[in-house]
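Tertiary structure, described
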Amino acid sequence: MSAPTNASLDTLCIHAGQHPDPFSGAVMPPIVLSSTFVQEAPGVHKGWDYSRAGNPTRDSLEACIAGLEGAKHGVAYGSGCGAALSILLTFKAGDHVLVGDDVYGGTFRLFDKVMKQFGIEATFLDMTDVARVKAAIRPTTRMIWLETPTNPMLKIFDIAKIAEVARTAKLELLVDNTFATPMLQRPLDLGATMVMHSSTKYLNGHSDVVSGAVATNDEGLAEKLRFVQKAAGAVPSPFDCYLVLRGLKTLSVRMERHVASASKLAAWLESHAQVEKVYYPGLKSHAGFEIAEKQMKGPGGMISFALKGGLTESANFLKALRIFVCAESLGGVESLAEHPAIMTHASIPAEQRRALGIGDGLIRLSVGIEGFDDLKADLESGFLAAKA
Ligand code: P1T
């Protein structure tokens, strides 16, 4: 018994990759904690031999994420950074990657401080101008790597147009879909070769797991990713796989609320006297509004805004909040607020941060699913404190 692959995403969140356990009839996937599996004779077993190579609970999670992204293959990792590293371990020294200029600080650091040592080069560029992407391709370029919406500036890149550039140049296109989730955007349908996630965020949705995933339809890539997953071992625990599977069941309803509340808050923030600028792809004033309308089913639950003032005002704003928790990460049921320049994007050189707009007044919100009026009142108390 398993859900038809053409079922709606609402249904796939709950059923993809999951079927009653043949041994016990358990409706929920059992958490198979065993690190090893019996072999009746050497090499003869039920499909699993060692949990780094494969695990039944992980299989269910990988199939669920693949189902949601419209992919044949899903591969799960112990973190989003572990997923990114594992993808890059399929590269060789001398390979070059074109990376969106506005990415999670940890992704920037992975390219800048880790992969560089192994001869993998990265060029960071603003991909809103597709001609610029085309012009930056070198003979050694192997992949285009982007987030959209980006972290933390919420820029929107045109996946279909960049996929066309990648196809023509025979490059792989990876989209980090952490901010949108498959509920709002399915990059593989738009021509990407691979989708990655920090499943720590919306997929899990409860801020109690660190986890990552990649999905693809490309058989060759899937084979390489599986090999690296086993050989390098950045795997999630079965318990974490279970928690993400459990979180995924409510992804659809959570995203509806995240989008509804963030849309209203973004409009309100835009009219606020203490706000310099709001970055939210659902606002008409956003440079990527039309592309977001075309490629997304909703503008998401993340908002960044520039508060009038500097570090003191931002710190006072964040310290006064009672519902929004001042913390890194995003995508949980609870609202979070943070200061990208000091927190999530500190590993990006100051000059580059300034060029991107990640200034001392920039605040990033992950809008949770609490009552809208409570969230608005909480932000209002932050503004009052920032003014004092
Ligand atoms: O934290 P981890 O699960 O390793 O995922 C890394 C990662 C990858 N991609 C994107 C778009 C991300 O936002 C992240 C992690 N981001 C945060 C922790 C943050 O607060 O932005």
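Residues numbered from 1 in each chain as written. Predicted model: local features only at pLDDT ≥ 70, side-chain atom pairs only at ≥ 80, totals over all residues. Heavy atoms only, no water.

What to know about the domain arrangement of the protein
Segmenting the protein into domains produces domain 1 (9-248) and domain 2 (252-387). On a C-alpha basis, the centroid separation for the pair domain 1 and domain 2 is 26 Å. Summing both sides of the interface, domain 1 and domain 2 together bury roughly 3200 Å²; the carbon and sulfur share of this comes to 61%. Linking domain 1 with domain 2 are 1 salt bridge, by the criterion used here. With a shortest N-O distance of 2.7 Å, D158 and K294 are connected by a salt bridge. At the boundary of domain 1 and domain 2, one finds 17 residue pairs in polar contact (both at pLDDT 80 or more). Those elements that provide at least two residues to the side of domain 1 that touches domain 2 are α1 (9-15), α4 (105-114), α6 (159-168), α7 (181-184) and α9 (238-248). (Domains from an automatic or database assignment. Buried area = accessible area lost by both parts, 1.4 Å probe. Salt bridge = Lys/Arg side-chain N within 4 Å of Asp/Glu carboxyl O. Polar contact = N/O pair within 3.5 Å; in protein donor to acceptor, adjacent residues only side chain to side chain. Helix = DSSP H or I, 4+ residues; strand = E, 2+ residues; numbered from the N terminus.)

Considerations on the pairing of strand β2 (residues 96-100)
For β2, the tally of buried residues reaches 5 of 5 residues, placing the bulk of the element in the interior. Neither face of β2 is exposed, since H96, L98 and G100 on one face and V97 and V99 on the opposite face are all buried. When β2 meets strand β3 (residues 121-125), the two strands line up parallel, connected through 5 bridges. Note that in β3 the partner of V97 across the bridge is A122. Note on the crossover from β2 through α4 to β3: the handedness is right-handed. As judged from the 4 bridges shared by β2 and strand β4 (residues 141-147), these two strands associate in the parallel manner. Bridging across to β4, L98 finds its partner in I144. (Buried < 20%, exposed > 50% of the residue type's maximum accessible area, 1.4 Å probe, protein only. Pairing = 2+ DSSP bridges. Right-handed = clockwise from strand over helix to strand, strands pointing away.)

A closer look at the environment of G301
Position of G301 among the secondary structure elements: in the loop between α11 (289-295) and β9 (302-307). It is 5.0 Å that separates the C-alpha atoms of G301 and V259, two residues lying 42 residues apart in sequence. If sequence neighbours within four positions are ignored, G301 has contacts with Y202, H258, A262, L365, S366 and V367. (Contact = heavy atoms within 4.5 Å.)

Points about the site of the ligand
Within the structure, the ligand sits among 18 residues, and D176, S198, T200, S329 and R364 are positioned closest to it. Separating a nitrogen atom of the ligand from a side-chain N or O atom of K201 is a distance of 3.3 Å. Contact with the protein chains covers 93% of the free accessible surface of the ligand, which is 480 Å². The pocket occupied by the ligand, as judged from atoms lying within 2 Å of grid points, is the second largest pocket. Here the shell around the ligand is built from residues that sort into 4 nonpolar, 9 polar and 5 charged. (Near = heavy atom within 4 Å. Areas by Shrake-Rupley, 256 points an atom, 1.4 Å probe, with all protein chains shown as cover. 1 Å grid on protein atoms, 1.4 Å probe; cavity = no way out; pocket = protein on both sides within 12 Å on 5 of 7 lines; lining within 4 Å. Sits in = over half its atoms within 2 Å of the grid points. Nonpolar A, V, L, I, M, F, W, Y, C, P; charged D, E, K, R; others polar.)

Notes on the pairing of β4
Of all 7 residues that make up β4, 7 are buried, and the element is covered over most of its length. One ladder, built from 5 bridges, connects β4 with strand β5 (residues 172-176); its direction is parallel. Residue pairing in the sheet places E147 in a bridge with D176 of β5. Chirality of the crossover, the property in question, places the unit of β4, α6 and β5 among those that are right-handed.

As for the sheet that holds β3
Pairing within the open sheet is mixed, and its 7 strands lie in the order β1-β7-β6-β5-β4-β2-β3. With one partner strand each, in any of the chains shown, β1 (73-77) and β3 form the two edges of the open sheet. Taken pair by pair, the neighbouring strands of this sheet meet at an average axis angle of 20 degrees, ignoring direction. Strands β4 and β5 of the sheet are contacted by α6, whose axis makes an angle of about 155 degrees with β5. (Axes fitted to C-alpha atoms, helices over the stretch in contact; angles between N-to-C directions.)

Observations concerning the pattern of salt bridges
Applying the stated rule across the entire model yields 17 salt bridges. In this structure, the salt-bridge partner of K92 is D95, at a minimum N-O distance of 3.1 Å. Accessibility expressed as a relative area gives 5% for D95, which makes it buried. With its nearest N and O atoms 2.7 Å apart, the salt bridge here joins D101 to K155. Of the two residues, D101 sits in the loop between β2 and α4 while K155 sits in the loop between β4 and α6, which places them 54 residues apart along the sequence. We classify D101 as buried; its relative accessible area is 14%.

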